[in-house]
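Analysis of the macromolecular model
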Amino acid sequence: MKKLISVIAVVLMVFSLCACGGSSSSVAPAENESAASGEASGRTSVYRCSLGTASIGGNFNVSGTALANVLNKYMDNFEMTVEVTGGSSDNAVKIQNDEIEFGFIGENINYVGHRGEGWANGVKYDDTRVIMAQNPGAVQILCDASQTDINNIVDLTGKVISNGTTTGGGVLAANEIFPILGVEYKTRQDMGWSDAMTAMGDGLIDVCMDLGGFPAAAFAEFASTHDAKWVPITKEQADQVAAVYPYYTSGSIPAGTYDGMTEDYDTIFTWYECITSADTDPDLVYEMLEVIYDHKDELTLGAASYEWLDPANVALVATPLHVGAIRFYEDHGIELPETAYGPEWEG
């Protein structure tokens, strides 16, 4: 009887410890199929770290899980846990406060955070360093094809628009992009994307514009059920915006990404990145990047966003790279901009 009670107590204690995980979803490392990388690093004990993503089911969380699975599988004595967080800005705060070791962030959020502007509210979150730029977010402008006079972003002048919710990426992008290109909308309706698409279908909103990953579910649903028109931003217009806000760049969403997108869609990109602290071991970062780029196909099976993964992407970001990342990209022939080199870089 005493043995039975002891067993029950142990089981309860295990459940209690699991429950304390709260906001984290652990990705257990698989049995390593190649110990070579770990042996080369000289790690004799397990390096444990957390990767900050965003809400469960979102792109950051899905791609974070894929990343942790690959790193845990191919790096010896390495264990990364995926942590559910408040997203980009929360990840920068947590890295600076030593609460997590790695995190995903939008370049636009990282850039203003380094300067203590916008969401950072005067606090400079300038300890973060980029290790890779994995996939872009895009400005996406959609209307019904009956809007025959909307053929470019400047045609949004005088229109009733929605950029999603007040705190969403679409509103931030519109507030930065519209003044540069001279767009003066009639009114803006702030609401969730499901409601915005319904309102546009009912003729209450002329056009919807967002900044985010693609394909976006609400935009895809509207495009599949309506005669949709995708409103472009030219490269010249994108370059105008990038001259003021260097975290933006010109880009194109591939034809066929959405119904009605019959050719490549020219627009504005910002990049989603993986960041870490400037103090993270450079050799560890270098080793992680070797594994990541060597296993792109496996990453893409876990998250389609990794189809965009390319070492050259880092040349498009405007915030400093980690020292270990600089060494990796320079060793692989990537020409980096001056902004890639933080004050700790010694060449």
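Keep in mind it's a predicted model, so treat the numbers as computed, not measured.

Details of the packing of aromatic side chains
Note on aromatic pairs: each is described by the distance of the centres and the angle between the planes. With the rule as written, the count across this model stands at 23 aromatic pairs. Plain terms: the ring middles of Phe269 and Trp308 are 5.8 Å apart, the flat faces sit at 80 degrees to each other, and that makes the pair edge-to-face. Note that Phe269 is positioned in strand E11 (residues 265-277) and Trp308 in the loop between helix H11 (296-302) and helix H12 (323-331), a separation of 39 residues in sequence. The class of Trp308 is partly exposed, set by a relative accessible area of 27%. Ring pairing ties together the aromatic residues Trp193, Phe219, Trp230, Tyr258 and Tyr265, which thus form one cluster. Above the face of the Tyr111 ring, Arg115 is positioned so that its terminal group lies 3.6 Å from the ring centre.

Observations regarding the pattern of salt bridges
Within the structure shown, the criterion is met by 7 salt bridges. Between Lys94 and Glu99 there is a salt bridge; the shortest N-O distance is 3.4 Å. Residue Glu99 is classed as partly exposed on the basis of its relative accessible area, which comes to 44%. Here Lys235 and Asp239 are joined by a salt bridge, their closest N and O atoms 2.9 Å apart. Of the two residues, Lys235 and Asp239 are both situated in helix H9 (residues 235-244); the distance of 4 residues between them amounts to about one turn of the helix. Judged by its relative accessible area of 37%, Asp239 is partly exposed.

Some details on the confidence of the model for the protein chain
With 88% of its residues at a pLDDT of at least 70, the protein chain reaches an overall mean of 87. Per-residue pLDDT stays below 50 along residues 1-39; that stretch engages in 42 contacts with residues further than four places along the chain or on separate chains.

Things to note about unusual backbone geometry
Here the bond from Phe214 into Pro215 is cis, since omega is 0 degrees, no more than 30 degrees from zero. For Pro215, the location among the structural elements is in the loop between strand E8 (207-212) and helix H8 (217-225). The phi dihedral of Asn77 falls on the positive side, at around 55 degrees, and the residue is not glycine. Within the element layout of this structure, Asn77 appears in the loop between helix H3 (59-74) and strand E3 (78-83).

Let's talk about the side chain of Lys229
Counting through the fold element by element, Lys229 comes out in strand E9 (residues 228-230). Here Lys229 is buried and forms no salt bridge, its nearest opposite-charge partner Asp149 lying at an N-O distance of 6.6 Å. At 3.1 Å, the side chain of Lys229 forms a polar contact with the backbone oxygen of Ile150. A polar contact is formed between the side chain of Lys229 and the side chain of Asn151, at a distance of 3.3 Å. If we ignore the near neighbours within four places in the chain, the residues touching Lys229 are Ile141, Leu142, Cys143, Asp144, Ala145, Gln147, Thr148, Ile150 and Asn151.

About the thresholds
Residues numbered from 1 in each chain as written. Predicted model: local features only at pLDDT ≥ 70, side-chain atom pairs only at ≥ 80, totals over all residues. Heavy atoms only, no water. Phe/Tyr/Trp six-rings, centres within 6.5 Å; stacked < 30°, edge-to-face > 60°. Helix = DSSP H or I, 4+ residues; strand = E, 2+ residues; numbered from the N terminus. Buried < 20%, exposed > 50% of the residue type's maximum accessible area, 1.4 Å probe, protein only. Lys NZ or Arg CZ within 6 Å of the ring centre and 35° of its normal. Salt bridge = Lys/Arg side-chain N within 4 Å of Asp/Glu carboxyl O. pLDDT = per-residue confidence, 0-100. Contact = heavy atoms within 4.5 Å. Lys, Arg positive; Asp, Glu negative; His and termini not counted. Polar contact = N/O pair within 3.5 Å; in protein donor to acceptor, adjacent residues only side chain to side chain.

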